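# Observations on the three-dimensional arrangement
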Amino acid sequence: MSRVVFLFFFIILLQNSFAQFDTNYVFMTRSKFVVYPLYELSYSKINYDYKTNSGITNVSYATRNYNSIGIGASFYRLGFSLSYQLPFSDIDSLENQSAFSFRGGYSYKRFYGDLRLRRYKGLEQKIIDVDGVESVKIRKDMLFSQIGVNIIYFTSSKYSFDANFKNYNQQIKSAFTFVASAGYNIYNLDGNITVPKSTMVLNSIITRVNQNSIRLLPGFAFSVVYKDFYMSIFGLFGVSFNKSRVEFNNTNSIYYNFTPDFEYIATIGYNSKDFFVSLNYSFENDYAKIKNLYVGTRNNTLSIKIGKKINSKYLGKLAKYL
């Protein structure tokens, strides 16, 4: 009987502790929803280093900057955004080529599920040979795409991903947490890639590269809060296990390897109970190796958001079901 009584009071104490935690570190806006306009800039770059008879030659394929404006809304753990592609480009020859970039997710307690979708038609090819001579060419026939799903776990409840990067809740005290992430990403690059005098295949033409990666990345996240101003950094560093399928002169070859992998997100802004403005930057660096050919994909995204939090007693009643 005494054990039952002890267990009962322990549960009550635990519940009160979590309630106290919500008050001390994160302000939970369960009765509000957020609307915000946003501006986003996103681009990716693919690098290939291959060894020729004369030395190392670097080839890179850069997407044009994808600029968009839009509007977003979120409530509790649900959110969406609609964006419109702006009609200008940093690479004039690719201005009318299609581009799409999306990153969003769903949070549940200490977990966060992350979805990444990218698709760019047309790339800028840059080759720097062993003598340092640079040549640039526009490749409208090439297509780059990515599909990625990642699950992130935060060891401490004091740090809120929603509050720091989605700006729905509010981080009201500085916090630190260790992070563990696991994910699966698919990259595709379609288009003829000439590799002359390579140690891999002489005078070969790569017609397609398909990369499947399983990623395991531990890391950390922290936020520094002063009144309603905050800065937060989220960083991961680990390893990716890659399966790369490459078409050489219409012949398929498959390569397996594991390589270092890392990414980070940084944000700075103002986040009160009723209003927020934030500047966010994210960077993903993924590498694979195909014999002597190193494949590196770097994705960069910059976004600016200004939002208003609006009370809704009806939405507040739905929070317990989400």
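Thresholds, definitions, all that
For every chain, the first residue of the written sequence is number 1, and numbering continues from 1 onward in sequence order. Restriction of local features to residues with pLDDT of at least 70 applies here, the model being predicted, together with a cutoff of 80 or more for giving and counting side-chain atom pairs; totals for whole chains, interfaces and linings are based on all residues. For side-chain calculations, the full set of non-hydrogen atoms in the structure is used, while hydrogens and water are omitted. Put simply, two rings from Phe, Tyr or Trp (the six-membered ring, in Trp's case) pair if the centres are within 6.5 Å, and we call them stacked under 30 degrees between planes, edge-to-face over 60, tilted for the rest. Secondary structure counts use DSSP, requiring at least four H or I residues in a row for a helix and at least two E residues in a row for a strand, with both numbered from the N terminus. Any residue under 20% of the maximum accessible area for its type is buried, any over 50% is exposed, and the rest in between are partly exposed; the area is computed with a 1.4 Å probe on protein chains only. Either the NZ atom of lysine or the CZ atom of arginine qualifies as a charge over a ring when it sits within 6 Å of the ring centre and within 35 degrees of the ring normal. Every residue is assigned a pLDDT by the predictor, reflecting its confidence on a scale from 0 to 100. Note on contacts: a residue pair qualifies if any of its non-hydrogen atoms lie within 4.5 Å across the two residues. Grid points spaced at 1 Å over the protein atoms alone were grouped into cavities, where a 1.4 Å probe fits but cannot get out, and pockets, open sets with protein on both sides within 12 Å along at least five of seven lines, with lining residues defined by an atom within 4 Å of a point. Grid points are joined across faces, edges and corners, and a volume is the space filled by probe spheres set on the points. Basically, the charged four are Asp, Glu, Lys and Arg, the nonpolar ten are Ala, Val, Leu, Ile, Met, Phe, Trp, Tyr, Cys and Pro, and anything else, Gly included, counts as polar. For the purposes of this section, nonpolar cores are sets of buried Ala, Val, Leu, Ile, Met, Phe, Trp, Tyr and Cys residues that join through side-chain atoms within 4.5 Å.

On to the packing of aromatic side chains, then. Given two aromatic rings, one states the distance between the centres and the angle between the planes to describe the pair. Evaluation of the coordinates by the stated rule reveals 21 aromatic pairs. Pairing F161 with F234 gives two aromatic rings, centres 5.9 Å apart and planes at 75°, and the pair type is edge-to-face. Residue F161 is found in helix α2 (residues 161–166), and its partner F234 is found in strand β12 (residues 229–248); the two are separated by 73 residues along the sequence. Accessibility expressed as a relative area gives 9% for F161, which makes it buried. Grouping aromatic residues by their ring pairs yields a cluster made of Y112, F154, Y159, F161, F165 and F234. Of note, K173 hangs over the ring of Y25, and the distance from its end group to the ring centre comes to 5.7 Å.

Okay, the confidence of the model for the protein next. Looking at the protein, pLDDT values average 80 and 80% of them are 70 or higher. Per-residue pLDDT, averaged within each element of the protein, yields its smallest value for helix α1 (residues 2–24) (44) and its largest for strand β9 (residues 170–171) (90). Contacts of residues 4–22 to residues separated by more than four positions or lying in other chains number seven contacts, the stretch itself having pLDDT below 50. Confidence drops under pLDDT 50 across residues 198–203; counting only partners more than four residues distant or on other chains, this segment forms 13 contacts.

Right, let's talk about the layout of surface pockets for a bit. Taken as a whole, the largest pocket encloses approximately 790 Å³ of empty space. Along the walls of the largest pocket sit 30 residues, with Y36, E40, R103, G104 and K305 positioned nearest its centre. Listing elements by their share of the lining of the largest pocket, those giving two or more residues are β2 (32–51), β4 (66–75), β5 (78–85), β6 (99–108), β7 (111–128), α2, β14 (275–290) and β15 (293–311). A per-element tally of the lining of the largest pocket places β6 first, with six residues. Of the residues contributing to the lining of the largest pocket, the split by class is 12 nonpolar, 12 polar and six charged.

Another aspect to go through is empty space enclosed by the protein. In the structure shown here, the tally under the stated rule is two cavities of 30 Å³ or more. Estimated volume of the largest cavity: approximately 70 Å³. In this structure, the largest cavity is lined by I46, Y48, F144, Y187, N188, L189, V209, Q211, V295 and T297. At the level of elements, β2, β10 (175–195), β11 (204–226) and β15 are the ones that each hand at least two residues to the lining of the largest cavity. Residue contributions to the lining of the largest cavity peak at three residues, all from β10.

Another point: the nonpolar core. Counting 20 residues, the largest nonpolar core has Y48, Y61, F144 and L189 as the members making the most contacts within it. Where this core is concerned, the elements lending two or more residues are β2, β3 (56–62), β7, β8 (134–154), β10, β11 and β12. At three residues, the largest contribution of residues to this core is made by β10.

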